[in-house]
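The chain contents come next:
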Amino acid sequence: MILENLLRAMQPGAGLMDFAVLLAAVIAGILLILLGTGLFFEVMNARHPERKVQKNRINARKWQELAYAPGSIFTLSLCFAGGLFAQWQGWALAPLPLSWWSGPLTLAASILLYDAWFYWVHRLLHWRPMFRFHALHHTSISPTVWTNHHETIVEASLNQLYFFVIVFVLPIPWQMLVVQKVYDQISGMLGHAGYEHFASPLARAPWPLASTVFHDQHHGSFRFNYAHTFSFWDRWMGTLHPRYDATVASFEPKGEPAKSS
Ligand SMILES: [Zn+2]
Ligand SMILES: [Zn+2]
């Protein structure tokens, strides 16, 4: 029955019930990722206390922060399921057939586009008239892996609307959109983990990747480091934390060259 609805949602002419089942399936998938990623970081953090980014700050508000997860997860699931449904119903751009080149190419393009979307939406949320919608997220000065969904519905909508809009702009095969959403959920939680487990030269100049320190410094300082996956928007716009590169280097395993900027 559920599978029938899901298969019907993938064909033009599907109904509201088919969309509702798709939405429920997306929510279930997001909850699984939340639990799996959250437990992974809980174990990793307990095993490596020396990797804590903000050494003197403790965040014991896990359950208060998680109280906002249902609204956040419902909103992002609605946006994502809406994007998939719009493409499957033929309302959006016809996607490229999935192939060895169309998949990686559209996925890379979409990750780059989302990084730009996230950076500018985040800058907008820090604009004084808009900050009221983002202030809740910033009550976590030292974030934990559970802080990812500590946000208002307005903030979740502005960020996640991307996954609905993109199918009207980019002919991305839906499978790649699923891969990106899984990546987005895991990387969002990694950014809030509070512990730097993946420090690497790839996460500092001249390389563009952002590590956990990147978003942790955003929470710790209220400014700097507005992007998501890459640091180049912040480098271009002059909003990179002045100690970002050096802090990443300080977490790298000993023996590697620790160049600071
Ligand atoms: Zn912010
Ligand atoms: Zn955050």
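Here, every reference points to the structure presented above.
Everything numeric here is computed off the predicted structure, so don't read it as measured data. (Residues numbered from 1 in each chain as written. Chains lettered and ligands numbered in written order. Predicted model: local features only at pLDDT ≥ 70, side-chain atom pairs only at ≥ 80, totals over all residues. Heavy atoms only, no water.)

Caption draft 1: Molecular detail of the overall build of the protein chain. Across its full length, the protein chain holds 11 helices and zero strands. The secondary structure elements of the protein chain, listed N-terminal to C-terminal, are α-α-α-α-α-α-α-α-α-α-α. Over its C-alpha atoms the protein chain spans a radius of gyration of 19 Å, differing by no more than 12% from the 18 Å that the globule rule assigns to 261 residues. Judged by the C-alpha coordinates and their principal axes, the protein chain covers about 55 × 40 × 40 Å. Sorting the 261 residues of the protein chain into buried and exposed places 52% on the buried side. For the protein chain, the centre of its 18 positive side-chain charges and the centre of its 15 negative side-chain charges are spaced 8 Å apart. (Helix = DSSP H or I, 4+ residues; strand = E, 2+ residues; numbered from the N terminus. Rg over C-alpha atoms; globule rule 2.2 N^0.38 Å. Buried < 20%, exposed > 50% of the residue type's maximum accessible area, 1.4 Å probe, protein only. Lys, Arg positive; Asp, Glu negative; His and termini not counted. Charge placed at Lys NZ, Arg CZ, Asp CG, Glu CD.)

Caption draft 2: Geometry of the nonpolar core. Counting residues in hydrophobic clusters, the biggest one holds 53 residues, and the most contacted among them are L22, L177 and Y244. When residues of this core are traced back to their parent elements, those giving at least two are α2 (16–47), α4 (69–88), α5 (102–125), α7 (162–165), α8 (174–191), α9 (212–221), α10 (232–237) and α11 (244–251). Here Y244 is in contact with A203, L209, A210, S211, V213, F214, Q217, N225 and R235, once residues within four sequence places are set aside. (Core = buried A, V, L, I, M, F, W, Y, C linked by side-chain atoms within 4.5 Å. Contact = heavy atoms within 4.5 Å.)

Caption draft 3: Spatial organisation of the coordination of the zinc ion (ligand 1). The protein atoms donating to the zinc ion (ligand 1) are H122 (NE2), H126 (NE2), H134 (NE2), H138 (NE2) and H218 (NE2), with metal-donor distances spanning 2.1 to 2.2 Å. The sequence motif formed by the donor residues of the zinc ion (ligand 1) is H-x3-H-x7-H-x3-H-x79-H. Given the relative accessible area of 3%, H122 is considered buried. You can call H126 buried: its relative accessible area is 19%. (Donors = N, O, S within 2.8 Å, 3.2 Å for Na, K, Ca; no water.)

Caption draft 4: Here's a closer look at the environment of V213. With respect to the helices and strands, V213 occurs in helix α9. Residue class for V213 comes out buried when judged on its relative accessible area of 0%. C-alpha separation for the pair V213 and H197, spaced 16 residues apart in sequence, amounts to 9.6 Å. Excluding residues within four positions of it along the chain, V213 makes contact with V53, E196, Y244, T247, V248 and F251.

Caption draft 5: Seen up close, the coordination of the zinc ion (ligand 2). For the zinc ion (ligand 2), the protein coordination sphere consists of H137 (NE2), H192 (NE2), H215 (NE2) and H219 (NE2), at 2.0 to 2.1 Å. For the zinc ion (ligand 2), the four donor atoms in the first shell make angles of 94 to 153 degrees at the metal, a pattern classed as irregular. For the zinc ion (ligand 2), the donor residues sit on a single chain with the sequence spacing H-x54-H-x22-H-x3-H. Here H215 pairs with H219, and both are found in helix α9, just four residues apart, close to one helical turn. Taking the relative accessible area as the measure of exposure, H215 reaches 10% and is therefore buried. Look at H219 and you get buried, because its relative accessible area is 0%. (Tetrahedral: all angles 85-135°; square planar, octahedral: opposite > 155°, others 65-115°.)

Caption draft 6: Quick look at the packing of aromatic side chains. Taken as a whole and judged by the stated rule, the model has 19 aromatic pairs. Among the aromatic residues, those joined into a cluster by ring pairs are Y119, W120, Y226, F230, F232, W233 and W236. Over the ring of Y226 we find R123; its NZ or CZ atom is 5.4 Å from the centre of that ring. (Phe/Tyr/Trp six-rings, centres within 6.5 Å; stacked < 30°, edge-to-face > 60°. Lys NZ or Arg CZ within 6 Å of the ring centre and 35° of its normal.)

Caption draft 7: Highlighting the pattern of salt bridges. Taken as a whole and judged by the stated rule, the model has seven salt bridges. With a closest N to O distance of 3.2 Å, D18 and R8 form a salt bridge. One end of the pair, D18, is in helix α2; the other, R8, is in helix α1 (residues 2–9), and 10 residues separate them in sequence. Judged by its relative accessible area of 42%, R8 is partly exposed. A salt bridge links R61 to E65, with the shortest nitrogen-to-oxygen separation between them at 3.5 Å. We classify R61 as partly exposed; its relative accessible area is 28%. (Salt bridge = Lys/Arg side-chain N within 4 Å of Asp/Glu carboxyl O.)

Purely geometric numbers; function is a separate question.
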